[in-house]
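Okay, here's what each chain looks like letter by letter:
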Amino acid sequence: MNKLPMAHTNTPRHMPESTWLAGPNWSRTRFGEIPKYQGGLHHIAPDTYAWLVPNGSWGETNLGLIDCGGASVMIDTGWDLQCTREMLDTCAELTRRSPIDTVINTHADGDHCWGNQLFKDRPIIATHACIHQMHHMQPRSLHALCQGGALLRHIPVGGIGKFGHYMREMFRPYDFRPVVITDPNQGFSVQKNLTVNGVDIVITEVGPGHTDGDAVVHVPSRRVAYAGDIMFVGVTPVMWSGPIEKLIAGLEFLLKLDVDVIVPGHGPLATHSDVQDVLDYWHFVHEAIQARFRAGLHPTEAAREVVFSPSFQQAPWAKWDSPERLVTSAHTLYRHWGEPASNLPGKLGTMNLMRQQAMLAFELPQATPLVMRGRRA
Ligand SMILES: [Zn+2]
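Just so it is clear, the structure is predicted and the values come from calculations on it, not from any experiment.

Visitor: Any details on the packing of helix H7 (residues 272–294) against helix H10 (residues 326–336)? Residues and values, ideally.
Guide: Following both chains from N to C, one finds H7 and H10 inclined at 65°, their axes separated by 10 Å at the closest point. In the packing of H7 onto H10, the handedness of the crossing is right-handed. Contact residues: Val285, Ile289 and Phe293 in H7; Leu326, Ser329, Ala330, Leu333 and Tyr334 in H10. By residue class, the composition of the contact of H7 with H10 is seven nonpolar, one polar and no charged.

Next up, the structure:
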């Protein structure tokens, strides 16, 4: 429970005020990187908490807890049971006073809801679109990819080895075997207002964008919003679903909220200026990829060309974690422009995107986490 020495960052950014309360003493992140900010339980507003997991890479997912005096509301659960329990153990004293009585899932990505089975007897709230997408990935498939990756990485053909390595390293910190996907049992569309012991919580559907059913959780009296994965800090955002106009509208909605603290899905606590940074990224990406779409480039080649362009390399997002995710976002943009670039259906298509992301990651000497390319930090 000691405070960690902070890694030096070149560009100091304004972080909202918060108090670190407790957490494991992570001297390295799950991917072996030096933590860029303090992980664990942070007090971010009166009786309002964020569980931050540096550096916000794959499954290093932030969770939330709102203490409503005798009952708490939890925002999202972790990618596996051990991640979720790690947070619950740290909050044990708090949740003894105010037991978790409701869970909200911001979207259907496993790293935000695969701990749901620990709350299966309680209300779990999500958008209908989120619930519809809950089974788009299976824990056993990710486990198989992690296991198979260890073998595939020795195959030096067609990016298979890089794909194998990428899958192995990015899933390795997690144990998906005991996960049973547990669907939210209270769906809503557009907006849901929840009042727990007099504390108003407003859940607004902002998707589709990052996924089909993204939602933002706003606690007006605490001046806090939990943004889910439409908002990342220091980490490259990704658009699985789109359209980009809707994703941008979701970020503009966040920008207008009268709050002091925004808890992103991944990365350190955010302010409105961080939201503006993510908006700038999407506007840049939109324009840069569209120009290459018009020039007839394949989406993967468009993403590659943009990542290596001087205007990308000089922008703040060149240093964000996992820049290779632009491959997936480019494919989503093309799909909305009427050009599905992959003929592979569903999960096979996703795997093919991961293979192409892996190939790009191996070309980027600065990209973090370093372990995705077999290097140690
Ligand atoms: Zn996430």
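Moving on, there is more to tell.
Visitor: Let's hear about the sheet that holds strand E11 (residues 215–219): which residues, and what values?
Guide: The sheet built from five strands is open, its strands ordered E9-E10-E11-E12-E13 with mixed pairing. The open sheet terminates on both sides in strands that have one partner only, identified here as strand E9 (191–196) and strand E13 (261–266). Direction aside, neighbouring strands of the sheet carry axes that sit 25° apart on average. Note: E9 against strand E10 (residues 199–205), six bridges, orientation antiparallel. What sits directly across from Lys192, in E10, is Ile203. Strand contacts of helix H6 (residues 244–256): E10, E11, strand E12 (224–232) and E13, with the helix running at about 155° to E12, the strand carrying the most contacts.

Visitor: Which residues make up the sheet that holds strand E8 (residues 186–188), and what values do they have?
Guide: In spatial order, the strands read E1-E2-E3-E4-E5-E6-E7-E8; together these eight strands make up an open sheet with mixed pairing. Since the sheet does not close on itself, it has two edges, and those belong to strand E1 (19–22) and E8, each with one partner. Between one strand axis and the next, the sheet turns through 25° on average, direction left out of account. The pairing of strand E7 (residues 124–127) with E8 spans three bridges and is parallel.

Visitor: I'd like to hear about helix H5 (residues 160–171), residue by residue, with values.
Guide: Helical geometry: 3.6 residues make up each α-helical turn, so side chains three or four residues apart lie on a common side. Under the 1.5 Å per step criterion, the end-to-end length of H5 is 16 Å for 12 residues, consistent within 8% with the ideal 16 Å. Most of H5 is tucked away: 10 of the 12 residues are buried. If you check which residues of H5 are buried, you get Lys162, Phe163, Gly164, His165, Tyr166, Met167, Arg168, Glu169, Met170 and Phe171. In the core, the buried residues of H5 are packed alongside helix H4 (139–152) and helix H11 (346–361).

Parameters at a glance
- Residues numbered from 1 in each chain as written.
- Predicted model: local features only at pLDDT ≥ 70, side-chain atom pairs only at ≥ 80, totals over all residues.
- Axes fitted to C-alpha atoms, helices over the stretch in contact; angles between N-to-C directions.
- Helix = DSSP H or I, 4+ residues; strand = E, 2+ residues; numbered from the N terminus.
- Left-handed = near helix turned anticlockwise from the far one by under 90°.
- Contact = placed C-beta atoms within 7 Å.
- Nonpolar A, V, L, I, M, F, W, Y, C, P; charged D, E, K, R; others polar.
- Pairing = 2+ DSSP bridges.
- Expected span 1.5 Å × (residues − 1).
- Buried ≥ 20, exposed ≤ 12 C-beta atoms within 10 Å, placed from the backbone.

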